[in-house]
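Okay, here's what each chain looks like letter by letter:
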Amino acid sequence: MSAAPVVVLVGPMGVGKSTVGQLLAERLGVGYRDTDDDIVAAEGRTIAEIFVDEGEPVFRAIEKRAVRRALAEHGGVLALGGGSILDADTRALLAGQRVVYLSMDVEEAVKRTGLNQARPLLAVNPRKQWRELMEARRSLYEEIATAVVATDGRTPEEVTQAALDALELKTVSPGGQPPDPRPEDVMASQVTRIQVGGSAGSDPYEVLVGRQLLGELGGLIGEKAKRVAVIHPEALAETGEALRADLAEQGYEAVAIQVPNAEEAKTAEVAAYCWKALGQSGFTRTDVIVGVGGGSTTDLAGFVAATWLRGVRWIAIPTTVLAMVDAAVGGKTGINTAEGKNLVGAFFPPAGVLCDLAALDSLPVNDYVSGLAEVIKAGFIADPVILELIESDPEAARTPAGPHTAELIERSIRVKAEVVSSDLKEAGLREILNYGHTLGHAIEKNERYKWRHGAAVAVGMHFAAELGRLAGRLDDATADRHRAVLESVGLPLHYRYDQWPKLLETMKVDKKSRGDLLRFIVLDGLAKPTVLEGPDPAVLLAAYGEVGE
C-alpha cells in the first residue's frame, strides 16, 4: 500500500505534536500516527531505554526506518520524533509534503520539559541543552517546513486552527475536545497549587505539585536576588550541578553546595560548611537558597537559610515522597545532635515548594515505600480517603506509576498545609503531625539513623494505635486497620523488644515532652487525633509488647 500523509508534524520534544496531531486528524477526518509510538510498539522498550541500552546512533537508525515506513503507509496526520529531521534521507523524503513545524522558545521549552528524566537528551541542563539542540536543528526544521506555527502561549486548539489556516485545509469536523495528551506533551499549566497560609508573622506560600516544574523556579527566586546557592546531597550531584548551570544561564551567580546523603547531612559541622560557602560567595539578605533532595537535605537547607544573616529566602525542591508530603512543607527546619533528632532548628517557612513528580520515577522502591508512612499518617489523623485509595490497590500504591500517586501526595500535602497554616510553631494543633513520631524518632536514634524515617514512623504508628487502644481511646477496628494498611504496602510493624528501656529514656527528651511528663499523640477515633499525657508506665509497656519482637 502506498499513501502520502495529509499533514506531517515536526518540532522539538515537548512541543505538543501528539495532542495537536490528534486534533488535526479529528478535524480533517483522517487517522493519526506517531513514529515514536511505532518504535516503542516494535521494540517493546521506551525511547529513553533504547537510548540507554543502545546509544543514540542505533536509535537514529531505528527511527529512520520507522519514518520511511510511516511516510509510505499512512495517509492521515503523521507526527515525527524531534530528532528525525537530522537525517538527510528523511529530509529528502519530506520534500513536497505538507510539513508543519511547531515551534516554541526556550522559556516555554524549559517549562514543558523541566526535570523530566524520561527525556534522554535533556537529562542534565535543560536550558543549555535546549539551546544547543535548537541551534543544530532549527534551520533543518525550517528547511523542510511548509508552515511554521508558534505554540508559545497557545492552547492545543489554537495551535490546531493556526496550522489549518496556514495550510488552507478544509475540515470535516468543526472542532472537538482535545485528546488526552501523552505525558511528554502535558503543559506546565497543569499543576496543582496548594496554598500554605502565613502565620506567626510569616508570609503565605505555594506548594506546586505536577511534572515539568523547573520553569517555575525563576519566578520564585525573583528579580531581587543576585546569588543562588543550590544545596544538594552527594547522590544528586548531577541534578545539583544541572540546576546551578541552569540558574547561571538565567543570569544568577549560582553555586552548588554538595552535602552528605540522608541524615549524615543534618549536623552542625555540615551546616557550618554551608555557612562558609555562603560567606565565601558573598551571600546577602536578598539572595536565595535552593534545597533539592530528600527530607534531610530540605531540613538542612531551611536551617541554613534561617540562620544565615538571621534569615534569607529559600525554596524547597523535594525529590522523595517523604520530603514532598512532610519535610519540605511547613517550615520546620533543623539538624540532629548526639542527644536526639531535630533538637536544634527553627520554624522558617520556604518561599515556595516545587514537588516535581517526575523525580519519583527513579526513586528506589524502599525509599518510595518509606515515604508512604507519612502519607498513611495523614490518612489516619485527618483524611481517611487516603487510606481508602491505598486499600483499593496496595501494590499500586507502592509505585509512582500507580493510578493514585498524584492524589495521595496532594491530599497529604493539603493535610499538612491546613495544620501548619493555623499553627506554625507547634503551639497546639501542629502536634498531631507527630503521630507515630515519638517512638519513631527514638528508634531512629537507637539505630544511629541507619533506619529509614518512614520505617521507624510505621512502627511508631503501630505503637500509637496499640497505646490508644489500651488507654481506652481507640476502637479495635481502627487499631487493627493500622496494622493492615502498613503491612499491605510493605512497611514494618515491629522492633526489638529488649530495646524498650533505651527507647523510653530517649522519648523523655522528645520535643513534645514537658518536664518529666511523657506526651503522645493518639487517636480518639479515625481522623480524631488528641494528646495522651503521662500514660501509666504499665500501659506503655503493654503497648510496646504488641510491637516488640
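From a predicted model like this one, the values you see are computed outputs, not experimental measurements.

Each value, and the rule that gives it
- Residues numbered from 1 in each chain as written.
- Predicted model: local features only at pLDDT ≥ 70, side-chain atom pairs only at ≥ 80, totals over all residues.
- Heavy atoms only, no water.
- Core = buried A, V, L, I, M, F, W, Y, C linked by side-chain atoms within 4.5 Å.
- Buried < 20%, exposed > 50% of the residue type's maximum accessible area, 1.4 Å probe, protein only.
- Contact = heavy atoms within 4.5 Å.
- Axes fitted to C-alpha atoms, helices over the stretch in contact; angles between N-to-C directions.
- Helix = DSSP H or I, 4+ residues; strand = E, 2+ residues; numbered from the N terminus.
- Parallel < 35°, antiparallel > 145°, perpendicular 65-115°, else oblique.
- Left-handed = near helix turned anticlockwise from the far one by under 90°.
- Nonpolar A, V, L, I, M, F, W, Y, C, P; charged D, E, K, R; others polar.
- Pairing = 2+ DSSP bridges.
- Phe/Tyr/Trp six-rings, centres within 6.5 Å; stacked < 30°, edge-to-face > 60°.
- Arc of directions from axis to C-beta.
- Salt bridge = Lys/Arg side-chain N within 4 Å of Asp/Glu carboxyl O.

**Some words on the nonpolar core**
Here is step 1: The biggest cluster of nonpolar side chains holds 75 residues, and the ones touching the most others in it are Val 207, Ile 289, Leu 300 and Ile 376.
Here is step 2: When sequence neighbours within four positions are dropped, the list of residues in contact with Leu 300 reads Ile 231, Val 259, Ala 265, Val 270, Ala 271, Cys 274, Gly 334 and Ile 335.
Here is step 3: Ranked by size, the runner-up nonpolar core spans 21 residues in total, among them Val 7, Val 20, Ala 79 and Leu 102.

**Some points on the packing of helix 18 (residues 437-446) against helix 19 (residues 453-470)**
Here is step 1: Where helix 18 meets helix 19, the axes come as close as 7 Å, and the angle between the chain directions of the two elements is 135°. For the element pair helix 18 / helix 19, the angle class is oblique. In the crossing of helix 18 with helix 19, the sense of the turn from one axis to the other is right-handed. Contacts from His 437, Leu 439, Gly 440, His 441, Ile 443 and Glu 444 in helix 18 reach His 453, Ala 456, Val 457, Val 459, Gly 460 and Phe 463 in helix 19.
Here is step 2: When its residues are assigned to classes, the contact of helix 18 with helix 19 shows 6 nonpolar, 5 polar and 1 charged.

**Examining unusual backbone geometry**
Here is step 1: At Arg 310, a position not held by glycine, the phi torsion is positive, near 60°.
Here is step 2: Among the structural elements, Arg 310 can be located in the loop between helix 12 (295-307) and strand 11 (313-318).
Here is step 3: Positive phi is not limited to glycine here, since Asn 342 has a value of about 60°.
Here is step 4: For Asn 342, the location among the structural elements is in strand 13 (residues 340-347).

**Observations concerning the sheet that holds strand 11**
Here is step 1: A sheet is described by the order of its strands in space; here 7 strands give the open sequence 6-7-14-11-10-8-9, paired in mixed fashion. The open sheet has two free edges, formed respectively by strand 6 (192-196) and strand 9 (253-259), since each of these has just one partner strand. Averaged over all adjacent pairs, the angle separating strand axes in this sheet is 15°, with direction ignored.
Here is step 2: Relative to strand 7 (residues 205-210), strand 6 is paired through 5 bridges, and the arrangement is antiparallel. Each residue of the ladder has a partner; that of Val 196, found in strand 7, is Tyr 205.
Here is step 3: Here helix 11 (residues 268-281) sits on the sheet and contacts strand 8 (227-233), strand 9 and strand 10 (288-293); the angle it forms with strand 9, its principal contact strand, is near 165°.

**Examining the packing of aromatic side chains**
Here is step 1: Enumeration according to the criterion identifies 8 aromatic pairs in this entry.
Here is step 2: On the basis of an interplanar angle of 65° and a centroid distance of 6.4 Å, the ring pair of Phe 463 and Tyr 544 is categorised as edge-to-face. Residue Phe 463 is located in helix 19, and its partner Tyr 544 is located in helix 22 (residues 537-547); the two are separated by 81 residues in the primary sequence.

**Things to note about the packing of helix 2 (residues 35-43) against helix 4 (residues 56-73)**
Here is step 1: At a minimum axis separation of 9 Å, helix 2 and helix 4 run at an interaxial angle of 115°. Judged by the inter-axis angle, helix 2 sits roughly perpendicular to helix 4. At the point where helix 2 passes helix 4, the crossing takes the right-handed sense. From helix 2, Thr 35, Asp 36, Asp 38, Ile 39 and Glu 43 reach across to helix 4, where they touch Phe 59, Ile 62, Glu 63, Ala 66, Val 67 and Ala 70.
Here is step 2: Tallied by class, residues from the contact of helix 2 with helix 4 come to 6 nonpolar, 1 polar and 4 charged.

**Observations regarding the sheet that holds strand 5 (residues 147-150)**
Here is step 1: Across the sheet, 5 strands lie side by side as 2-3-1-4-5; this open sheet has parallel pairing. Whereas interior strands pair on both sides, the edge strands pair on one side only; in this sheet they are strand 2 (32-34) and strand 5. Each strand of the sheet is rotated relative to its neighbour by a mean of 25°, with strand direction disregarded.
Here is step 2: Packed on one face of the sheet, helix 4 meets strand 1 (7-10), strand 2 and strand 3 (77-79) and runs near 165° to strand 2.
Here is step 3: Most of the contacts of helix 8 (residues 156-167) go to strand 5, to which it runs at about 160°, and overall it touches strand 1, strand 4 (99-103) and strand 5.

**With respect to helix 21 (residues 500-507)**
Here is step 1: Restricting attention to buried positions, one finds in helix 21 the residues Trp 500, Leu 503, Thr 506 and Met 507. Along helix 21, the residues classed as buried sweep out an arc of 125° about the axis, all on the same side. Away from its buried face by more than 90 degrees, helix 21 exposes Pro 501 and Lys 502.
Here is step 2: Against the buried residues of helix 21 lie helix 18, helix 19, strand 15 (519-523) and helix 22.

**Things to note about the pattern of salt bridges**
Here is step 1: A complete count under the given rule lists 39 salt bridges for this structure.
Here is step 2: The salt bridge involving Glu 253 is made with Arg 227; its shortest N-O contact spans 3.4 Å. Linking Glu 253 in strand 9 with Arg 227 in strand 8, this pair joins segments that are 26 residues apart in sequence.
Here is step 3: Given a relative accessible area of 40%, Glu 253 falls into the partly exposed group.

**Quick look at the environment of Tyr 497**
Here is step 1: Mapped onto the elements of the fold, Tyr 497 is located in the loop between helix 20 (476-488) and helix 21.
Here is step 2: The spatial distance from the C-alpha of Tyr 497 to the C-alpha of Val 547 is 7.6 Å, given a sequence separation of 50 residues.
Here is step 3: Setting aside residues up to four positions removed in sequence, Tyr 497 forms contacts with Leu 541, Tyr 544, Gly 545, Gly 548 and Glu 549.

**Details of the environment of Gly 468**
Here is step 1: Tracing the chain through its elements places Gly 468 in helix 19.
Here is step 2: Judged by its relative accessible area of 1%, Gly 468 is buried.
Here is step 3: Excluding anything up to four places from it in sequence, Gly 468 contacts Arg 473, Leu 474 and Val 522.

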